[in-house]
Amino acid sequence: MKKYFIRIVIIGTRGVPNHYGGFEQCAEYLAAGLVKKGYEVVVYNSHNHPYQEKTCNSVEICHCYDPEYKLGTASQFLYDYNCIKDLRKKRFDVILQLGYTSSSIWGWLLPRSAVVTTNMDGLEWTRFQYSKPVQIFLKFAEKLAIRYSDFLISDSVEIQKYIENKYNKKSTYIAYGAEIFENPDVTFPDEFDLKINQYDMLIARFEPENSIEVILDGVVKANNGRKFLVIGNNDNDFGTHLKNKFASHENIKFCGGIYDLSKLNNLRYFSNLYFHGHTVGVPIRHYWRLWHPIA
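What you see is a predicted model, and the numbers here were worked out from it, not measured in a lab.

Scoring rules and cut-offs
Residues numbered from 1 in each chain as written. Predicted model: local features only at pLDDT ≥ 70, side-chain atom pairs only at ≥ 80, totals over all residues. Heavy atoms only, no water. Helix = DSSP H or I, 4+ residues; strand = E, 2+ residues; numbered from the N terminus. Buried < 20%, exposed > 50% of the residue type's maximum accessible area, 1.4 Å probe, protein only. Contact = heavy atoms within 4.5 Å. Areas by Shrake-Rupley, 256 points an atom, 1.4 Å probe, with all protein chains shown as cover. Salt bridge = Lys/Arg side-chain N within 4 Å of Asp/Glu carboxyl O. Pairing = 2+ DSSP bridges. Axes fitted to C-alpha atoms, helices over the stretch in contact; angles between N-to-C directions. pLDDT = per-residue confidence, 0-100. Core = buried A, V, L, I, M, F, W, Y, C linked by side-chain atoms within 4.5 Å. Polar contact = N/O pair within 3.5 Å; in protein donor to acceptor, adjacent residues only side chain to side chain.

A tally of helices and strands in the protein chain yields nine helices and twelve strands. Judged by the C-alpha coordinates and their principal axes, the protein chain covers about 65 × 45 × 40 Å. Counting all 295 residues of the protein chain, 49% fall into the buried class. Residue pairs at least 24 apart in sequence account for 65% of intrachain contacts in the protein chain once pairs closer than 6 positions are excluded. Accessible surface, the protein chain as shown: approximately 15200 Å² in total, 54% of it carbon and sulfur.

Following this line, the structure appears as structure tokens:
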């Protein structure tokens, strides 16, 4: 008799290992943990993800075409569609959807033979980077995610309350975990030409609501002489704006994205001050991000 394995698929991210943000880090850790518990796990990756192997930590990787490099952010709708179209050809018992921004409009395509579980993330429509029409769409997308999901996950108590009050739906509160960093490398700062406790830093995605510009304005006004590291993928219009604005301030160093967890932990550990300026979302998720690469 053939042994039956529970098959789980994770969609809604750019893929693993993490080279982008919080959901990608969640997918990477969760998928590997589920495999260790005996589940079969598939994670969908963008076709142009830096990692091109077919497995990662015994997790199966499925690459799907992602036209973001041609069309920008709006292409995520096509990428999500391609992932869902592909998974319909396969058998999965559980579909874990991380976020809903560009995938929920395809919720009607998700196979009803699988249990659809959605992590609702924060209130995406409150991000002030979006125009009014986009905010209206995101509210609609949120409603679709509720409609097409069998189970909902909230990563904060406040989001859980919001879903229940707004939609009269129950969700399971699951806080993100954290790893305690206990093995700092005292020789590490030398790699970055830094002195222990003599530099400040922030880690964030380059989005206006993460307060990077406000923080850097404060750094300039403080003029305390310490180096300030800005860690995050700055290859977008907002990143270009900030690099141009602060180009004359030699103490501000734009480091780009760093995804090596050991490097990030050491940088945070030996810094004098660590800034975290996210204004959208909730504190419990932010505390998790202090310990995981989100750049």
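What follows picks up the thread again.
Another aspect to go through is the pattern of salt bridges. Inspection of the entire model under this criterion finds eleven salt bridges. One salt bridge connects Arg7 with Glu40, and the closest N-O pair in it is separated by 3.0 Å. In this pair, Arg7 is assigned in strand E1 (residues 7-11) and Glu40 in strand E2 (residues 40-46), connecting sequence segments 33 residues apart. Taking the relative accessible area as the measure of exposure, Arg7 reaches 15% and is therefore buried. Between Asp217 and Lys245 there is a salt bridge, with the nearest N and O atoms lying 3.1 Å from each other. In this pair, Asp217 sits in helix H6 (residues 212-222) while Lys245 sits in helix H7 (residues 237-245), placing the two residues 28 residues apart along the sequence. Residue classification places Asp217 among the partly exposed residues on the basis of a relative accessible area of 28%. Several salt bridges share partner residues, and in doing so they unite Glu213, Asp217 and Lys245 into one network.

With mixed pairing, the eight strands of this open sheet are ordered in space as E3-E4-E2-E1-E5-E6-E7-E8. The open sheet terminates on both sides in strands that have one partner only, identified here as strand E3 (55-56) and strand E8 (172-173). The pairing of strand E7 (residues 151-154) with E8 spans two bridges and is classified as parallel. Within E8, the residue paired with Ser154 across the bridge is Tyr173. Against the sheet, helix H3 (residues 76-87) makes contact with E1, E2, strand E4 (59-64) and strand E5 (94-98), and its axis sits at roughly 145 degrees relative to E2, the strand it touches most.

Let us look at the confidence of the model for the protein chain. Overall, the prediction assigns the protein chain a mean pLDDT of 87, with 91% of residues at 70 or greater. Segment residues 282-295 is flagged for pLDDT under 50; beyond a separation of four residues in sequence, or across chains, it makes 68 contacts in the model.

Glancing now at the pairing of strand E6 (residues 115-119). Counting buried residues in E6 gives four out of five residues, a clear majority hidden from the surface. Alignment of E5 against E6, held across five bridges, turns out to be parallel. Bridging from a neighbouring strand, Val94 pairs with Val115 of E6. Of the strand pairs in this sheet, E6 and E7 are connected by three bridges, and their pairing is parallel. When the bridges of E7 are listed, Asn119 appears paired with Ile153.

So, about the nonpolar core. Core analysis: the biggest nonpolar cluster contains 18 residues, and Ile10, Ala31, Val41, Val43, Val59, Ile61 and Leu98 have the highest contact counts within it. Of all the secondary structure elements, the ones that give two or more residues to this core are E1, helix H1 (22-36), E2, E4 and E5. For this core, the element with the most residues is H1, which contributes six residues. Formed by 17 residues, the second largest nonpolar core is a distinct cluster that contains Cys83, Leu87, Trp106 and Leu110.

Bringing the environment of Ile231 into the picture now. Mapped onto the elements, Ile231 comes out in strand E10 (residues 227-231). Distance in space between the C-alpha atoms of Ile231 and Asp93 is 38 Å, their sequence separation being 138 residues.

Further remarks concern the side chain of Ser149. Examined against the element boundaries, Ser149 turns out to sit in the loop between helix H4 (132-148) and E7. For Ser149, a relative accessible area of 12% corresponds to the buried category. Separated by 2.6 Å, the side chains of Ser149 and Thr118 make a polar contact. Within polar-contact distance, the side chain of Ser149 engages the backbone oxygen of Ala145 at 2.6 Å.

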